[in-house]
Amino acid sequence: MTRFYRRVEPQLTFDQVWFPILFGNNSRYVHIGNVSDGCVTVMDFARWPAIHETLLSHRTADGRGVALLTVKGKPERER
């Protein structure tokens, strides 16, 4: 779903990797791109490889988690 970003950033790597956010119905992810439906979307393509590596290298012992994600504030639509 994100392969087309390689047209903009030909050196882009790991663009097909999405990290699930385990919450509710588990339909949210950390991923690269510029479109989001409630996900954590990394828009800086040049920084994505470092973010990808950090997420991989900091997994919990069971391999299922990385960190606790805390979201603060209200969505734009509710302001």
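This structure is a prediction, so every number in the text was calculated from the model and none was measured.

Enquirer: Looking at this structure, I do not really get the pairing of strand β2 (residues 28–32). What am I missing?
Expert: Each regular strand carries side chains that alternate between the two faces of the sheet. Relative to β2, strand β1 (residues 19–21) is paired through three bridges, and the arrangement is antiparallel. Pairing of I21 across the sheet is with R28, part of β2. In terms of strand pairing, β2 meets strand β3 (residues 40–42) through three bridges, oriented parallel. Paired with H31 across the strands is T41, a residue of β3.

Enquirer: Explain unusual backbone geometry here, please?
Expert: Comment: phi is negative for the bulk of residues other than glycine, and the bulk of peptide bonds are trans. Unusually for a residue other than glycine, F14 sits at a positive phi of about 60°. Within the secondary structure, F14 is located in the segment before β1. When its relative accessible area of 41% is taken as the criterion, F14 is described as partly exposed. Look at N26: it is not a glycine, yet its phi comes out positive at around 60°. Within the secondary structure, N26 is located in the loop between β1 and β2. Residue classification places N26 among the partly exposed positions, given a relative accessible area of 34%.

Enquirer: Would you take a moment to explain the side chain of H52 for this structure?
Expert: Structurally, H52 is set in helix α1 (residues 48–57). Taking the relative accessible area as the measure of exposure, H52 reaches 4% and is therefore buried. Filtering out sequence-adjacent residues up to four positions away, H52 remains in contact with F14, V17 and F19.

Quick notes on the rules
- Residues numbered from 1 in each chain as written.
- Predicted model: local features only at pLDDT ≥ 70, side-chain atom pairs only at ≥ 80, totals over all residues.
- Heavy atoms only, no water.
- Pairing = 2+ DSSP bridges.
- Helix = DSSP H or I, 4+ residues; strand = E, 2+ residues; numbered from the N terminus.
- Buried < 20%, exposed > 50% of the residue type's maximum accessible area, 1.4 Å probe, protein only.
- Contact = heavy atoms within 4.5 Å.

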